[in-house]
Amino acid sequence: MKARLVVLASGSGSNLQAILDACAEERLEADVVFVVVNRRSARAAQRAQEAGVPVAYRPLGPFRDEFPGDIRRARETYDAALAREIGEVQPDLVVQAGWMHLFSAAFLDRFPGMVVNLHPAMPGAFPGAHAIDDAWAAHQRDGLDHTGVMVHLVPDEGVDNGPVLAAQRVDIAHDDSRRSLEAKVHAVEHELLVRAIGDYLQR
Ligand code: GAR
């Protein structure tokens, strides 16, 4: 039976696209059954629509307004509501593919061992939303000669941290630019994420 994937994205969704393509081409024995975006401008939403996958826009903003000055409560209420909605589609795996929101236990406890995150750095290096910029800065400052990509489980609120499912080094060549490095990282991501999902589903 095909696995049911829910994909969460905040940006351009090129990694969502890699998953959709792998499903369509049967390189991944899975279907994307639901996509959630948390930014109105996320091109990921269009990609889901084009693939005929249900997509929902679920921003944190209204929850911040409901609990002014209590971001913890806003986040937990948002996370619980999103967990309920995603639970209804009965996913086998929830994939954070460029998802810029840190889940609390109110979400994660609902899906133990079922949430994976993609991050454009090697384990332990450059957590956060600007990992490629951070690696590029370290290259320029200290001559850092590589960065990488990893896919890991999300057991708790650790930022881009958790049991590693797959990781791959990306070399930074002397003639790389910030732009060419980003292109290399994305190319590795698109393959590694699909492979890691496939391997994890077959475990
Ligand atoms: C990817 O590079 C992903 O690894 C990164 O966001 C980008 C999304 O690209 N995620 C993080 O930085 C998580 N901390 P995409 O929207 O084209 O898939």
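Some remarks on the site of the ligand
Working step 1: Taken together, 14 residues are adjacent to the ligand, and Ser12, Gly13, Ser14, Asn15 and Glu189 come closest.
Working step 2: In this structure, histidine 119 approaches the ligand through a side-chain N or O atom, which is 3.0 Å from a nitrogen atom.
Working step 3: Considered class by class, the residues forming the shell around the ligand number three nonpolar, nine polar and two charged.

A closer look at the sheet that holds strand S6 (residues 146-153)
Whenever strands of a sheet pair, they do so through backbone hydrogen bonds, lying parallel or antiparallel.
Working step 1: Spatially, S3-S2-S1-S4-S5-S6-S7 is the arrangement adopted by the seven strands of the open sheet, whose pairing is mixed. Among the strands making up the open sheet, the edge pair consists of strand S3 (55-57) and strand S7 (164-171). Pairs of neighbouring strands in the sheet enclose a mean axial angle of 20°, with direction left out of account.
Working step 2: Pairing geometry for strand S4 (residues 93-96) and strand S5 (residues 115-119), over three bridges, is parallel. Residue glutamine 96 lies in a different strand from S5, and its bridge partner there is asparagine 117.

What to know about the pattern of salt bridges
Working step 1: All told, the structure shown has eleven salt bridges when counted by the stated rule.
Working step 2: In this structure, arginine 27 engages glutamate 25 in a salt bridge whose closest nitrogen and oxygen atoms are separated by 2.7 Å. A single burial state applies to arginine 27 and to glutamate 25, both of which are exposed.
Working step 3: Between glutamate 76 and arginine 72 there is a salt bridge, and its shortest N-O distance comes to 2.9 Å. Here the residue glutamate 76 and the residue arginine 72 both occupy positions in helix H4 (residues 71-88), the gap between them amounting to four residues, near one helical turn.
Working step 4: According to the relative accessible area criterion, arginine 72 is partly exposed, its value standing at 36%.
Working step 5: One continuous salt-bridge network, built from bridges that share partners, spans Arg72, Arg75, Glu76 and Glu157.

A few points about the side chain of aspartate 79
Working step 1: As for its position among the elements, aspartate 79 is in helix H4.
Working step 2: Summary of buried charges: aspartate 79 has no salt-bridge partner, and the nearest side chain of opposite charge, arginine 75, is 5.0 Å away.
Working step 3: In contact with aspartate 79, not counting residues within four places along its chain, are His101, Leu102, Phe103, Ser104, Ala106 and Phe107.

Topic: helix H6 (residues 131-142)
Working step 1: The end-to-end C-alpha separation of H6 is 16 Å, in line with the 16 Å expected for twelve residues at 1.5 Å each.
Working step 2: Among the residues of H6, Ala131, Ile132, Ala135, Trp136, Ala138 and His139 are the ones counted as buried. Down the axis of H6, the buried side of the element spans an arc of 160°, and every buried residue falls inside it. Seen from the buried face of H6, the exposed residues on the opposite side, beyond 90 degrees, are Gln140 and Arg141.
Working step 3: Looking at the buried side of H6, the elements it contacts are S5, S6 and helix H7 (178-201).
Working step 4: Following H6 by one or two positions, glycine 143 has its phi on the positive side, about 75°.

The rules behind these values
Residues numbered from 1 in each chain as written. Predicted model: local features only at pLDDT ≥ 70, side-chain atom pairs only at ≥ 80, totals over all residues. Heavy atoms only, no water. Near = heavy atom within 4 Å. Polar contact = N/O pair within 3.5 Å; in protein donor to acceptor, adjacent residues only side chain to side chain. Nonpolar A, V, L, I, M, F, W, Y, C, P; charged D, E, K, R; others polar. Pairing = 2+ DSSP bridges. Helix = DSSP H or I, 4+ residues; strand = E, 2+ residues; numbered from the N terminus. Axes fitted to C-alpha atoms, helices over the stretch in contact; angles between N-to-C directions. Salt bridge = Lys/Arg side-chain N within 4 Å of Asp/Glu carboxyl O. Buried < 20%, exposed > 50% of the residue type's maximum accessible area, 1.4 Å probe, protein only. Lys, Arg positive; Asp, Glu negative; His and termini not counted. Contact = heavy atoms within 4.5 Å. Expected span 1.5 Å × (residues − 1). Arc of directions from axis to C-beta.

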